[in-house]
Amino acid sequence: MQTDNRIFDDLAKVFNGFAGTVAGMGREAEAGARERMREWIGGMDFVSRDEFETVKAMAAAARDENDALKARLDALEARLSTEATTPQG
């Protein structure tokens, strides 16, 4: 009976080692795939979130400035049109 336990113990150790090896191979394959994806995505000229937020803020500021300049231009045109319609004395 002692030999049966030893055989089962040895088989359990072999299977346990195999399971550890398979798990390690799985982790290594996952890390390799993740690295390949990073390289592939990195070559596609995506922008980072920080860069996107910076450009978005710049566009909003430019839009606000454009609105302010349009309001000034409208006021100047209104003043010019009233000066042109009033008789010069």
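Up top you'll find the structure we're talking about.
Residues numbered from 1 in each chain as written. Predicted model: local features only at pLDDT ≥ 70, side-chain atom pairs only at ≥ 80, totals over all residues. Heavy atoms only, no water.

Caption draft 1: Spatial organisation of the overall build of the protein. Counting secondary structure elements, the protein contains two helices and zero strands. Relative to the globule expectation of 12 Å for 89 residues, the C-alpha radius of gyration of the protein, 37 Å, shows a markedly less compact shape. For the protein, the C-alpha atoms occupy an extent of roughly 125 × 25 × 15 Å along the three principal directions. Counting every position in the protein, which comprises 89 residues, the buried fraction comes to 0%. Accessible area for the protein stands at about 8,400 Å²; split by element, carbon and sulfur atoms hold 60% of it. Across the protein, the mean location of the 12 positive side-chain charges is 3 Å away from that of the 17 negative side-chain charges. (Helix = DSSP H or I, 4+ residues; strand = E, 2+ residues; numbered from the N terminus. Rg over C-alpha atoms; globule rule 2.2 N^0.38 Å. Buried < 20%, exposed > 50% of the residue type's maximum accessible area, 1.4 Å probe, protein only. Areas by Shrake-Rupley, 256 points an atom, 1.4 Å probe, with all protein chains shown as cover. Lys, Arg positive; Asp, Glu negative; His and termini not counted. Charge placed at Lys NZ, Arg CZ, Asp CG, Glu CD.)

Caption draft 2: Summary view of the pattern of salt bridges. Under the defined criterion, the tally for this structure stands at five salt bridges. With a shortest N-O distance of 3.8 Å, Arg 49 and Glu 53 are connected by a salt bridge. Linking Arg 49 with Glu 53, this pair stays in helix 2 (residues 49-85), spanning four residues, or about one helical turn. For Glu 53, a relative accessible area of 35% translates into the label partly exposed. Between Asp 74 and Lys 70 there is a salt bridge, and its shortest N-O distance comes to 3.3 Å. You can see Asp 74 and its partner Lys 70 sitting in helix 2, four residues apart, about one turn around the helix. Owing to a relative accessible area of 36%, Asp 74 belongs among the partly exposed residues under this scheme. (Salt bridge = Lys/Arg side-chain N within 4 Å of Asp/Glu carboxyl O.)

Caption draft 3: Representation of a nonpolar patch on the surface in the model. There is a patch of nonpolar side chains on the surface, built from Met 37, Trp 40, Ile 41, Met 44 and Phe 46 and spanning about 540 Å² of accessible area. Among the secondary structure elements, Phe 46 is positioned in the loop between helix 1 (2-42) and helix 2. (Patch = residues over 30% accessible without salt bridge, like charges linked within 9 Å, V, L, I, M, F, W, Y side chains within 5 Å.)

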